[in-house]
Amino acid sequence: MSDKSSIKRLLSKAEQLVERGVDKRIRIAVTGLSGAGKTAFITSFMNQLLHIVDNDQLPFLRAAKEGRILATKVSSYDELHIPEFKYKQSLDAIFGAQPKWPASTTGVSQAQLDIRYTIKNEWLQKLQKHSHLTIDIIDYPGEWLLDLPLLRLSFKDWSMQCRELLEQSGDVLESSWREQSAQMIYQKPLPDEEVAEVSSAYKSFIKQHFSQQQTYNLLQPGRFILPGELSGAPVLDFFPVLDIDILSSDWSSLSEESLIRTLEKRFNYYKKQIVEPFFKEYFEKVDRQILLVDCLEVLNNGYQNYRNMQFTLSELLKSFHYGHSNWLKRMFSPSIDKLLIAATKADHVPPEQHRDLESFLQKMLQDSRNDIQYEGIELETLAISAIKVTEAVMAEHQGQKLMCVKGVELSSGEEIINYPGKLSSQALSKDAWQEQQYDFVDFAIPGNLTSSILPHIRMDKVLQFLIGDKFR
Ligand code: GDP
């Protein structure tokens, strides 16, 4: 081989190495409880970046402002077992002849974007002018995060906990599950179809309990609410035992086929085969996390809902208190370095009150905030709208000229001007809550979206926080 060709080969090898060193990959997970706005968020996130070249809506994304982001495309990812996020279907819904909101998240999905950009660092630039950033975006239901505490509970512990929670909540629900489970003979086998039937009654019971009490503390296991691809699988056919005599007895001598041992086996299987791999896959590999919160729903529903959401958020955020949970660190070695918690649907709120919406979110997060910062995770809170479907207008409300929002009401299809109420930037006492009246209404996607770039509020700040530092 000639000297020339070996030098050429060496140079190309060196270039490849540099390229690999400079190229970056980042995994961002998006979560939030049902209806928080995950699908709308990911659709807008992708849409803003895929239109980067002619997108003048991103002044806070520094690399875009500097004209260094050259192109973005959707690329295919390696994790072939994860369904693809339905970006195209979401856009078809939004821009269709009869525009509608895209279908909400029901399980895990993923998308991958590949961004080509000009390197800023002058030393690296000498070696290579352009580089690539690969972004994996993973969408998963927040309800599944609530399963984390289950990993440390036995079936007996979990049953005991459910029993206590039901007692505390002064449960008054008539339910076929309670009747059926009271008649079970746990020491004897029960045919699989009957176990499935009672489990299905339990799932209806917890959903009903949630809709009446708006409390998430009984909404476990998370897959019972949103089963994803496990819908109908026998691993989801179990339920807690409330009978205190059974709970205080020793089961070890009972036959493997007895109902109680069957329920215990399924619970353990669920933990080992579903919950643990889920946290391993989506949590351990995640670099940055965004948690979306629908504060408007909370504001509309009053004090108790506020307290419930506060509790639920603190439960969700326990996943990020590594220091407090050594077991968590041992099990998963989480690697999240940035966490963004965003109040969604800010376009329901007049712009002058966006700061108050953010303060409201911060108040709800309370102590969890300090704990997370203590872990060394960079935390940001923002009030955002992934897809802005209203505009701010001055209008008269109860004899006063006030900043309101105008848009097409989802339920009536009529254009309305809405004043949702004045958000308080202070934490409200229980009594002060009684005096507050909020009137947030749902808005539809308007039929007159002229640009293929989705209008938004602060998605550029979101992008800067989540990926801005990668364009060096
Ligand atoms: P998911 O269950 O977390 O996937 O929630 P979605 O993204 O499906 O959002 C639920 C609903 O919230 C949507 O159908 C919309 O009605 C509303 N929504 C979500 N994002 C926005 C937003 O940015 N602005 C407005 N006005 N509504 C939104």
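Predicted model, so just to flag it, every value in this text is computed and none were measured.

1. Quick notes on the sheet that holds strand β10 (residues 415-418)
- Read from one edge to the other, the open sheet built from 3 strands follows the order β8-β9-β10, with strand pairing classed as antiparallel. In this open sheet, the two edge strands, each paired with only one partner strand, are β8 (391-397) and β10. Between one strand and the next, the sheet's axes are offset by a mean angle of 40°, whatever the strand orientation.
- As paired strands, strand β9 (residues 400-408) and β10 are joined by 4 bridges and run antiparallel to one another. Along β10, the bridge assignment pairs G407 with I416.

2. Comments concerning the nonpolar core
- Core analysis: the biggest nonpolar cluster contains 84 residues, and V293 and A342 have the highest contact counts within it.
- Counting 20 residues, the second-largest nonpolar core is a separate cluster that includes L150, W158, V195 and Y270.

3. Focus: the site of the ligand
- Looking at the ligand, there are 21 residues lining it, with K38, T39, A40, W101 and S104 nearest.
- Here the element with the most residues in the shell around the ligand is helix α2 (residues 38-50); it accounts for 3 residues.
- Among the residues forming the shell around the ligand, the class breakdown is 7 nonpolar, 10 polar and 4 charged.

4. Here's the deal with helix α7 (residues 155-168)
- When the terminal C-alpha atoms of α7 are compared, their 20 Å separation across 14 residues agrees well with the 20 Å that a helix rising 1.5 Å per residue should span.
- If you check which residues of α7 are buried, you get F155, W158 and S159. The buried side chains of α7 occupy one side of the element, clustering within an arc of 100° when seen end-on. Turned more than 90 degrees from where α7 packs its buried face, E164, E167 and Q168 sit exposed.
- Where the residues of α7 are buried, they touch α11 (244-248) and α12 (259-284).

5. Remarks on the domain arrangement of the protein chain
- Per the domain assignment, the segments making up the protein chain are domain 1 (3-144 + 283-389 + 453-470), domain 2 (153-275) and domain 3 (391-435).
- In this structure, domain 2 and domain 3 have C-alpha centres spaced 43 Å apart.

6. Thoughts on unusual backbone geometry
- In the Ramachandran plot, K345 falls in the positive-phi region, its phi being about 60° despite a non-glycine side chain.
- Inspection of the secondary structure assignment puts K345 in the loop between β6 (338-343) and α16 (354-374).
- One non-glycine residue, Q398, adopts positive backbone phi at about 45°.
- In this structure, Q398 sits in the loop between β8 and β9.
- Since 6 C-beta atoms lie within 10 Å of it, Q398 is described here as exposed.

The rules we used
- The residue numbers shown here count from 1 along each chain, following its written sequence.
- The predicted origin of the model limits local features to residues at a pLDDT of at least 70 and limits the giving and counting of side-chain atom pairs to 80 or more, whereas totals for whole chains, interfaces and linings rest on all residues.
- Here, strands pair whenever DSSP counts at least two bridges between them.
- Under the scheme used here, helices are H or I runs from DSSP no shorter than 4 residues and strands are E runs no shorter than 2 residues, and both carry numbers assigned from the N terminus.
- Helix axes are fitted to C-alpha atoms over the stretch in contact, other axes to C-alpha atoms as well, and angles between N-to-C directions run from 0 to 180 degrees.
- Among buried residues, those of type Ala, Val, Leu, Ile, Met, Phe, Trp, Tyr and Cys that are joined through C-beta atoms within 7 Å form a set called a nonpolar core.
- Residues with at least 20 neighbouring C-beta atoms inside 10 Å of their own are called buried, those with 12 or fewer are called exposed, and the rest are partly exposed, where every C-beta is derived from the backbone.
- To decide nearness, the C-beta atom of each residue is placed from the backbone, and the residue is near a molecule or strand if that atom lies within 6 Å of it.
- Residues were grouped as follows: Ala, Val, Leu, Ile, Met, Phe, Trp, Tyr, Cys and Pro as nonpolar; Asp, Glu, Lys and Arg as charged; and all remaining residues, including Gly, as polar.
- To estimate the expected span of a helix, count its residues, drop one, and scale the result by 1.5 Å.
- This arc corresponds to the set of directions leading from the helix axis out to the C-beta atoms.
- What counts as a contact is two residues whose backbone-derived C-beta atoms lie within 7 Å of each other.
- What fixes the domain bounds is an automatic or database domain assignment.

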